[in-house]
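Examination of the molecular architecture
Residue strings, one per chain:
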Amino acid sequence: MRVLLVGAGGVGGAITRIAARRPFFEAMVVADYDPARAEAAVAALDGDPRFTAEQVDAGDEAAVTRLLAWHRCDVLLNATDPRFVMPLFRAARAAGATYVDMAMSLSRPHAERPYEECGVKLGDEQFAQAADWEKEGLLALVGMGVEPGLSDVFARHAADELFDEIEEIGIRDGANLTVDGYDFAPSFSIWTTIEECLNPPVVFETGKGWFTTEPFSEPEVFDFPEGIGPVECVNVEHEEVLLVPRWVDARRVTFKYGLGREFVETLKTLHLLGLDRTDPVTVPGTDGPVQVSPRDVVAACLPDPATLGERMHGKTCAGTWVRGVKDGEPREVYLYHVVDNQWSMTEYGSQAVVWQTAVNPVVALELLATGAWSGAGVLGPEAFPARPFLDLLTDYGSPWGMREQ
């Protein structure tokens, strides 16, 4: 397997550190718009000859296609933000390469009824091309991070081994992370966080299909394991709700994020001021007026999440809560994966949230390389057997858990 990794930020850098310990691939080309970031990611790997650095603009489909061909890469792993999903998705298909991402093509709210009806849903642009990928015998494995990704694998595992009937699947994400010296310092890309938190959340129900609600709706307190404890969670737009019902039979699917009241109020303020917008606005510059995206300005004003590991303390938990029936009796479980920041920093030099995101696509690549996973078309993690993934994740030294509720 020869991999082109596009994006050498926090998650991309963690991917290289995790992959460097595994023998399943022949080469990994680390490409970024900023060549210094790509070179730094490779330099951190103690001269592993399988890794090389390149410069590429993720939005330039032709350049990415040429890079795939030049290095004879048969897989493109997308570690950029969701704005670049479609150009990279198309470039992989043009090159005849397998495509893997951790976030799907962007949504657009319904023009008249944004909090009742779906407009363009997450992943719609990718799924619209599914038949072409399948016809060409190519695989696009979409949403293969932690959430979406591992959370979807948990849903598949629950359907295959733990339940006869599933009433509800609810992804629940929470943490007790703190960052020294910052009153507000998101542990993941603020660009992506704004996108998913301020868009209308999507819910799935049998008979009703997909529909939307108000942002931060249906608050509930969920008790997270391994000392994290109770965290208030709210509805947030996320890919799992669009992926799980395609392959897993469940009457209701939701995603709720443990943001905390202060974080929610900050996001609401950004929206109120228009600072969540992605369309450029004109502002004065030293050499005359310049156009900038308000959301990019917010991101530039905040610390890079990848650099916060030394200041960060606590644990992050990603998991899937499932309620249903097994052997005629009601059952309720929480399947989860917890990463302690102290462990991930000591073991890999990566903060917990980016490491937890990064490990899952590497596990998936290994399963594809060995043939344990295979397929054609645009497929989510639910389309593949869960047990090989969960066993290999444990082999990577980061076991998952299950709690009977």
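Here, the structure is the one placed above.
To start, this report covers the structure provided alongside it. (Residues numbered from 1 in each chain as written. Predicted model: local features only at pLDDT ≥ 70, side-chain atom pairs only at ≥ 80, totals over all residues. Heavy atoms only, no water.)

1. Some details on helix H4 (residues 85-95)
Along H4, the positions that sit buried rather than exposed are Val85, Met86, Pro87, Leu88, Phe89, Ala91 and Ala92. Phi turns positive one or two residues past the end of H4, at Gly96, with a value near 70°. (Buried < 20%, exposed > 50% of the residue type's maximum accessible area, 1.4 Å probe, protein only. Helix = DSSP H or I, 4+ residues; strand = E, 2+ residues; numbered from the N terminus.)

2. Let's talk about the pattern of salt bridges
Counting across every chain of the model gives 30 salt bridges. In this structure, Arg252 engages Glu168 in a salt bridge whose closest nitrogen and oxygen atoms are separated by 3.3 Å. One end of the pair, Arg252, is in strand S13 (residues 252-257); the other, Glu168, is in strand S7 (residues 165-175), with 84 residues separating them in the sequence. By relative accessible area, which is 18% here, Arg252 ends up buried. A relative accessible area of 9% means that Glu168 is categorised as buried. Note that Arg172 and Glu220 form a salt bridge whose closest N and O atoms lie 2.9 Å from each other. Here Arg172, found in strand S7, pairs with Glu220, found in strand S11 (residues 220-224); they are 48 residues apart in sequence, far enough to count as distant. (Salt bridge = Lys/Arg side-chain N within 4 Å of Asp/Glu carboxyl O.)

3. Some points on empty space enclosed by the protein
Applying the stated rule across the entire model yields one cavity of 30 Å³ or more. Lining the largest cavity are 16 residues, with Pro109, Gly119, Val120, Thr212 and Glu237 sitting closest to its centre. In terms of residue class, the lining of the largest cavity is built from seven nonpolar, five polar and four charged. (1 Å grid on protein atoms, 1.4 Å probe; cavity = no way out; pocket = protein on both sides within 12 Å on 5 of 7 lines; lining within 4 Å. Points joined across faces, edges and corners; volume = space filled by probe spheres on them. Nonpolar A, V, L, I, M, F, W, Y, C, P; charged D, E, K, R; others polar.)

4. Structural notes on a nonpolar patch on the surface
On the surface, Leu272, Leu273 and Leu275 cluster together to form a nonpolar patch covering roughly 320 Å² of accessible area. As for its placement among the helices and strands, Leu273 is situated in the loop between helix H10 (261-272) and strand S14 (281-283). Residue Leu273 is classed as exposed on the basis of its relative accessible area, which comes to 57%. (Patch = residues over 30% accessible without salt bridge, like charges linked within 9 Å, V, L, I, M, F, W, Y side chains within 5 Å. Areas by Shrake-Rupley, 256 points an atom, 1.4 Å probe, with all protein chains shown as cover.)

5. Quick look at the layout of surface pockets
The computed volume of the second largest pocket comes to approximately 520 Å³. Taken together, 25 residues line the second largest pocket, and the ones lying closest to its centre are Pro109, Glu195, Asn199, Thr278 and Arg295. Taken together, the elements giving at least two residues each to the lining of the second largest pocket come down to H4 and helix H8 (190-198). A per-element tally of the lining of the second largest pocket places H8 first, with four residues. Looking at side-chain class alone, the lining of the second largest pocket contains twelve nonpolar, five polar and eight charged residues.

6. Focus on the pairing of strand S4 (residues 75-78)
Burial along S4 is two-sided: the face carrying Val75 and Leu77 and the face carrying Leu76 and Asn78 are both buried. Direction of pairing for strand S1 (residues 2-6) relative to S4: parallel, over a ladder of four bridges. Among the inter-strand pairings, Leu4 is bridged to a residue of S4, identified as Leu76. For S4 and strand S5 (residues 98-101), the ladder comprises four bridges, and the chain directions are parallel. Looking at S5, one finds that Val75 is bridged to Thr98. Since S4 and S5 lie parallel, the crossover through H4 that links them has a hand, and here it is right-handed. (Pairing = 2+ DSSP bridges. Right-handed = clockwise from strand over helix to strand, strands pointing away.)

7. Observations regarding the packing of helix H7 (residues 150-162) against helix H9 (residues 239-247)
Contact pair H7 / H9: the axes reach a minimum separation of 10 Å and the direction vectors enclose 25°. Classified by the interaxial angle, the pair formed by H7 and H9 is roughly parallel. H9 is crossed by H7, and the crossing has right-handed handedness. Residues Ser151, Asp152, Ala155 and Arg156 of H7 form the contact with H9, whose own contacting residues are Glu240, Leu243, Val244 and Trp247. Per-class residue counts for the contact of H7 with H9 are four nonpolar, one polar and three charged. (Axes fitted to C-alpha atoms, helices over the stretch in contact; angles between N-to-C directions. Parallel < 35°, antiparallel > 145°, perpendicular 65-115°, else oblique. Left-handed = near helix turned anticlockwise from the far one by under 90°. Contact = heavy atoms within 4.5 Å.)

8. Observations concerning the environment of Leu138
Counting through the fold element by element, Leu138 comes out in the loop between helix H6 (130-135) and strand S6 (139-141). The class for Leu138 is buried, based on a relative accessible area of 11%. Spatially, the C-alpha atoms of Leu138 and Phe224 are 39 Å apart, while their sequence positions differ by 86 residues. Residues contacting Leu138, with those up to four places away along its chain left out, are Arg93, Gly96, Ala97, Trp133, Ala376 and Gly377.

9. What to know about the sheet that holds strand S19 (residues 377-379)
With parallel pairing, seven strands are arranged side by side in an open sheet as S3-S2-S1-S4-S5-S6-S19. Each edge of the open sheet carries a strand with a single partner, namely strand S3 (51-55) and S19. For this sheet, the mean inter-axis angle between neighbouring strands, taken without regard to orientation, is 20°. Of the pairings in the sheet, the one linking S1 to strand S2 (residues 27-32) comprises five bridges and is parallel in character. The residue bridging Val6 from the neighbouring strand is Ala31, located in S2.

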